[in-house]
Amino acid sequence: MAAKRYAVVLSDIHIGNGTPTCWYQTSAHEDYLTAALRWVAGNDQVGEVVLLGDVFDTWTYPPSMPPPTMTDIIRANPRLLGPSGPFAALVRALPGRVRIMLGNHDLSLNRGDIDVLNASLGGNVARGEAITLVDCPALVIRAPGPNGAATAFTHGHHWCMFNAPDAQSPWSRLPAGYFVTRAIAYKWSRELAVGRTVADLSGMGNPDGKGAWMAAVAALIDPRAKKGPIRDKLVSILLDYICKETGMPSTEPILLPNGRSTTVDAAKAAFSDLWRRWADTKEGREVDADRAAVADWKGSFLAWFAQRLAFQTSSDLVVMGHTHVAVRGLKISPVRYVNSGYFCVSKPDMRTTPVTFTVVDIPNASAQLVKVVKGARGPEVENVASGEAPLLPVIPSIGEDYSCYLRVRNRTGGSLSLAGSSKRTGYWTVPPPKSIADGARVDIWLQDELGTDGAQGAFTYTDAISAKALAFGFRCPTPHKGRNAVTSPVPNWETKVSDGGWRKRDTAWLGHPLQVRFDVGAPTPTGTNGGLPGTAVTVLATRPRSDCHEPPDPKRTPVGHQQQAAEHADYIAIGERILAKCKVSAERGKVISHVYLRSSTSAPLIDTRTEPGAVPRRVRLSNPPKHVMNGEVFEIYDETYGPFRYILIQPNGPAPPPAIGGFLFLPSEGSRNLHLVTFNVAKLDVSYKSQCRHDHHAEMQVVRWVNEQPLDWRARIGWLTIQNSSRKRDLAYSPCNACCHELASFLTSVKSVPRRSSDVLARLSWGDIYEGAAKCGHPTTMSGIDMLKKAGWELPEHPMPPGVSMVGGGIATADDPRWPARVLSTR
């Protein structure tokens, strides 16, 4: 997985037969698509390709023209779909790993059509050199391991009322939206000048270029509007509107893929009960049927269905297409969502809308949008900037999101059975499941109704091992209705509100939505207090506490004015002082890592701008990096170096209070350097069944923090050093063998991030070799060191385990000119 960790997603290419009304035109799009496919085929870090629907198009044709067959499409695109084309190169580079899912525009295709396509590509099917059809609404790919992250892939049209396959359609599941597209093609077939195609027009074939007909539908079914018979006439109103806009008579014969014909009048009759069927059966709620009716309008409303799909499939990331609007994430959500955008951008729109696709990091279930741009030597692939793709709210309609998002992890050794659930306010968008298997994770969603009450509910599970009833309670009311609250029968739980950080066994009294994570049966970390197993602990939110950390003193000279001192400070000593001030147990910090990062570009690695925090005298980062507690800024004053401002890093793995994994020190303004201090967050040599899981080790806090950052951020890392020391001067262990494996995979992935402009210089130093313990079983050995060397880590000259060669292969010397003296020193 480390070597093939990425999945590439391409959607909404809309390859057709070249008719002027087709969105994909060879002259406009083939070079861009070829560049993308060759980039994927030549990247040895890509292990999966998902063609996420609407790759081909059988909709965008005038009513008088029969939609093309796959043979017709291949004949019209010989360079693209022939045996020497980029699709053929793709299947040869990734045998058995290229899959296609159908969207609405190519839903009439079947396995026979894909067989025809594979025959044209000319690959050795016996060796897997072919495209495989995935005939299901969603494909979930899960990283290896019992707790592997999961990514769900789906085109997205299944949750859109007018474009979802319709089992009751008389025309082989073709939906109402099919007739809208054929009417638009009718208009353009009559208006396009000779030699012109829709690729020459802004808006790609909508009647006025702005989708006014969808805007009309959105206004028609606005949730504020009074519900009534108008919704039962929704399809008729829509099709009458589109016929008026395009000038197509409702009696105009429309040739279908099967050779028969029909009319818009017949479609109005066939779909007369469409909204009612969605409200009563498919969704079961009128408000959710309304959501489905506007789900693909402007790309804003599909996010709610994406988050629901993530909850239903226990996925961490959902990737969709369909809307032709690239989306890089959700504003506040327990899951991630990316929309790939589309490839058939018209020529005038390319000035403002990039041709986009998605790269998914499967082990981390994270994604980066990339684009194909016109370079000096032809189309090139590069990352999408944050301003080019929006973050979406989950609920873009009236009001705020006062949902309760609950996650339950079962680590009891047996199953959990649902004994009952209730809701005082809100409704179960994703209800508690009947059972939770041992080792499984489930996500539950109680959403507030439109109004002023918020969400409040409870559920109870019975533990098969202890036979105890475990009752969980939670509420996220609107401010004038009360405070947030959580009741937990287990000691291992944490909460988060708005876009703040996670809080162990504590709940902020205000903020929404409310996210809660319950670990049932998880080992209680040493040092936790209160909340014995089986004891219900109710927290009616406390105000944020200062703990051992001080807010910055505005009278002191900011660290930015002491850049020279800050870059040469003893960060490990400063980290020790913070740990001592917090009265952290001596078991934590037996190994402390000073992490030094340097950007390969002139851009700083973090944004140090601040804004007022939730507590007087506190400030927080305006744009904090990922995987930090909440971006709140604290300060420690050093007599030698002056004030240092820092934020708290989240831990990787269970940690006793204060639940932190390290400190990120704010650099001076414009500095390319970044300093972190991380430490082991739990007692060393803890036994998890037979071996230590090592995710609590100091180096793993570094790995997790860096991996949580976006791909384009990781692509800018030029220098990376980890210097191991400890709170005791006689200790400074090497990473254990398990950590060596993780660090090797980590550096390999950092070096292979797409669009990296320079290599990564990485160095790891320590004072002594870790020899392990009976419970651990992971002492540092020659094989662990070899893994580090092969990955490119430069290592100190000594000490080393027996058998390690001290010549070349990643062994560094003290006079290496590429590293500053401070980086090469070993305390």
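Residues numbered from 1 in each chain as written. Predicted model: local features only at pLDDT ≥ 70, side-chain atom pairs only at ≥ 80, totals over all residues. Heavy atoms only, no water.

Visitor: Report on the side chain of Asn652, specifying residues and quantitative values.
Guide: Mapping Asn652 onto the fold places it in the loop between strand S32 (642-649) and strand S33 (662-665). Engagement of the side chain of Asn652 in a polar contact is seen with the side chain of Arg704, the distance being 3.1 Å. (Helix = DSSP H or I, 4+ residues; strand = E, 2+ residues; numbered from the N terminus. Polar contact = N/O pair within 3.5 Å; in protein donor to acceptor, adjacent residues only side chain to side chain.)

Visitor: So what about the pairing of strand S28 (residues 592-599)? Which residues, and what values?
Guide: Counting buried residues along S28, seven of its eight residues qualify, which places the element largely inside the surrounding structure. Relative to strand S34 (residues 673-679), S28 runs antiparallel, the two being bridged by seven bridges. Looking at S34, one finds that His594 is bridged to Val677. (Buried < 20%, exposed > 50% of the residue type's maximum accessible area, 1.4 Å probe, protein only. Pairing = 2+ DSSP bridges.)

Visitor: Explain the pattern of salt bridges to me, using residue names and the numbers behind them.
Guide: Going through the model one piece at a time under the given rule, you end up with 35 salt bridges. Among the salt bridges present, the one from Arg285 reaches Glu449, with a minimum N-O distance of 3.5 Å. One end of the pair, Arg285, is in the loop between helix H11 (274-282) and helix H12 (286-293); the other, Glu449, is in the loop between strand S20 (441-447) and strand S21 (455-463), and 164 residues separate them in sequence. Taking the relative accessible area as the measure of exposure, Arg285 reaches 23% and is therefore partly exposed. A salt bridge links Arg609 to Asp607; the nearest nitrogen and oxygen atoms lie 2.5 Å apart. (Salt bridge = Lys/Arg side-chain N within 4 Å of Asp/Glu carboxyl O.)

Visitor: I'd love a proper account of helix H4 (residues 86-93), names of residues and values included.
Guide: When H4 is considered as a whole, its buried residues turn out to be Pro86, Phe87, Ala88, Leu90 and Val91. Contacts made by the buried residues of H4 are with helix H1 (26-41), strand S2 (46-52), helix H3 (78-81), strand S3 (98-101) and helix H5 (111-121). (Contact = heavy atoms within 4.5 Å.)

Visitor: I'd love a proper account of unusual backbone geometry, names of residues and values included.
Guide: Along the chain, His512 connects to Pro513 via a cis peptide bond; the corresponding omega equals -5°. Here Pro513 shows up in the loop between strand S25 (503-504) and strand S26 (514-520). One non-glycine residue, His14, lies in the positive phi region at around 65°. With respect to the secondary-structure elements, His14 resides in the loop between strand S1 (6-10) and H1. Note on His14: relative accessible area 1%, which makes it buried.

Visitor: An account of the nonpolar core is requested, with residue identities and associated values reported.
Guide: One finds Leu10 and Phe357 to be the most contacted residues of the largest nonpolar core, which totals 114 residues. Here this core takes eight residues from helix H13 (residues 302-313), the largest share from any one element. Non-local contacts of Leu10, meaning those with residues more than four positions away in its chain, are made with Leu33, Ala36, Leu37, Val49, Val50, Leu51, Leu52, Val55, Phe343 and Phe357. If you look at the next biggest cluster of nonpolar residues, it comprises 44 residues, including Leu605, Ile649, Trp766 and Val804. (Core = buried A, V, L, I, M, F, W, Y, C linked by side-chain atoms within 4.5 Å.)

Visitor: Describe in detail the packing of aromatic side chains, supporting the description with residues and values.
Guide: According to the stated counting rule, one finds 27 aromatic pairs in the structure shown. Taking the centre distance of 5.7 Å and the plane angle of 45° together, the rings of Phe663 and Phe679 count as tilted. Placement of the pair is Phe663 in strand S33 and Phe679 in strand S34, with a sequence separation of 16 residues. In this structure, Phe663 and Phe679 share a single accessibility class: buried. Each residue in the set Tyr571, Phe634, Phe644, Tyr646, Phe663, Phe665 and Phe679 is aromatic and connected to the rest through ring pairs, giving one cluster. Here the guanidinium or amino end of Arg291 rests over the ring plane of Trp304, the centre of that ring lying 4.4 Å away. Across from the ring centre of Trp719, 5.5 Å away, lies the NZ or CZ of Arg598, which sits over that ring. (Phe/Tyr/Trp six-rings, centres within 6.5 Å; stacked < 30°, edge-to-face > 60°. Lys NZ or Arg CZ within 6 Å of the ring centre and 35° of its normal.)

Visitor: Could you give an account of the confidence of the model for the protein chain, naming the residues involved and the relevant values?
Guide: Summary statistics for the protein chain give a mean pLDDT of 84 and a share of 85% for residues scoring 70 or more. Between the elements of the protein chain, mean pLDDT differs from a low of 32, seen in strand S27 (residues 537-539), to a high of 98, seen in strand S9 (residues 317-320). This stretch, residues 223-227, has a pLDDT under 50; its non-local contacts, to residues over four places away or in other chains, come to seven contacts. (pLDDT = per-residue confidence, 0-100.)

Visitor: Tell me about the side chain of Ser120, residues and numbers included.
Guide: Of note, Ser120 is situated in helix H5. At a separation of 2.7 Å, a polar atom in the side chain of Ser120 contacts the main-chain carbonyl oxygen of Leu81.

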